[in-house]
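Secondary and tertiary structure notes
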Amino acid sequence: MKEFFKNKKNVTIVIVAIIAIVGILLLLNYFINTHLSNLEKVKINEFTDNIGNYLDEIYDYDDEGKYINFAVEYLYNNSDDDTFEMDEVIDVINNYFDVDVSTDNVIDIGITDRMLSKGISYNSSDGTFKYSNSYTRLDIANMPIIKYEVKSIKKNSKNKFTIVFEKLIVKNPYDILNYYNDSNSKKEITDEIFSYLKGEAKISSIKKYVNKEHIKDMNGKVDDEIKINLIIKNDKLLVSSEK
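Right, let's walk through the structure included here. (Residues numbered from 1 in each chain as written. Predicted model: local features only at pLDDT ≥ 70, side-chain atom pairs only at ≥ 80, totals over all residues. Heavy atoms only, no water.)

**Re the sheet that holds strand β3 (residues 128-131)**
- If you trace the 3 strands from one edge of the open sheet to the other, you get β1-β3-β2, paired in antiparallel fashion. This sheet does not close on itself; its edge strands, each paired only once, are β1 (83-85) and β2 (120-123). Direction aside, neighbouring strands of the sheet carry axes that sit 25 degrees apart on average.
- With 4 bridges connecting them, β2 and β3 associate as antiparallel partners. Residue pairing for β3: Ile-120 is matched across the bridge by Tyr-131.
- With respect to the sheet, helix α5 (residues 66-77) is in contact with β1, β2 and β3, its orientation differing from that of β3 by roughly 65 degrees. (Pairing = 2+ DSSP bridges. Helix = DSSP H or I, 4+ residues; strand = E, 2+ residues; numbered from the N terminus. Axes fitted to C-alpha atoms, helices over the stretch in contact; angles between N-to-C directions. Contact = heavy atoms within 4.5 Å.)

Encoded structure:
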């Protein structure tokens, strides 16, 4: 063995081999940690489907209460209630965002201009938020429909992902109804959209029928892109506060 290493050529071969093995191991480790599995893709799509209808509250409005607005909008559109306990609001925020929110934080923020415009109020006597949606049919007709749809998913490391969302916007919601009428869609679809336009259904009833594939047919457009980071923290998938 000593004789082997006395030969400079042999030493060079060994060093090159070690470097090659280390490089292969590093590449293999990188591939393992950045390869998006089918299960991860399914879970991320489930997560983004849950938040895509309400991300405009976070990224389209410069409002101190944006996380509260997101949570109330989420709760309102995913339940039959219009009044929500403080704990419910905080749970939604903590289940989707890596931010430190407490009851004191929420109370300190108070009712912002955006909350007032949306009809969100807070009852300090019982600690509940109420969403009083009192939009007229004219208000609804003039309210653009905004939805964020996933464009791409990239895994950066074992616990970090980057998601690119495209912002879909239809300025006139009646164009959505017209598209589905013209395409002879099922009556259940057009009835649900029309119910929203009459003020009898929630905005999620129309947003779910907006997609990139037909956005131009609805006289809409892909208006912008946003890039957000997701992390796995305490066994939960969360929108990272880091840029």
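**Describing the side chain of Lys-167**
- With respect to the helices and strands, the residue Lys-167 is situated in strand β5 (residues 160-170).
- Residue classification places Lys-167 among the buried positions, given a relative accessible area of 12%.
- Within the structure, Lys-167 has its side chain in polar contact with the side chain of Asp-60 (distance 2.9 Å).
- Setting aside residues up to four positions removed in sequence, Lys-167 forms contacts with Asp-60, Ile-146, Lys-147, Tyr-148, Lys-221, Val-222, Asp-223 and Asp-224. (Buried < 20%, exposed > 50% of the residue type's maximum accessible area, 1.4 Å probe, protein only. Polar contact = N/O pair within 3.5 Å; in protein donor to acceptor, adjacent residues only side chain to side chain.)

**Brief notes about the side chain of Arg-114**
- With respect to the secondary-structure elements, Arg-114 resides in helix α8 (residues 113-118).
- There is a polar contact of 3.4 Å between the side chain of Arg-114 and the side chain of Tyr-61.
- Sequence-distant contacts of Arg-114, that is, excluding residues within four places in its chain, are made with Glu-57, Tyr-61, Asp-63 and Asn-69.

**What to know about the environment of Lys-208**
- In this fold, Lys-208 is placed in the loop between α12 (204-207) and β6 (221-233).
- By relative accessible area, which is 46% here, Lys-208 ends up partly exposed.
- Separated by 159 residues in sequence, Lys-208 and Asp-49 have C-alpha atoms that sit 9.8 Å apart.
- Other than its neighbours up to four places away in sequence, Lys-208 contacts Lys-147 and Glu-192.
- Separated by 2.9 Å, the side chains of Lys-208 and Glu-192 make a polar contact.

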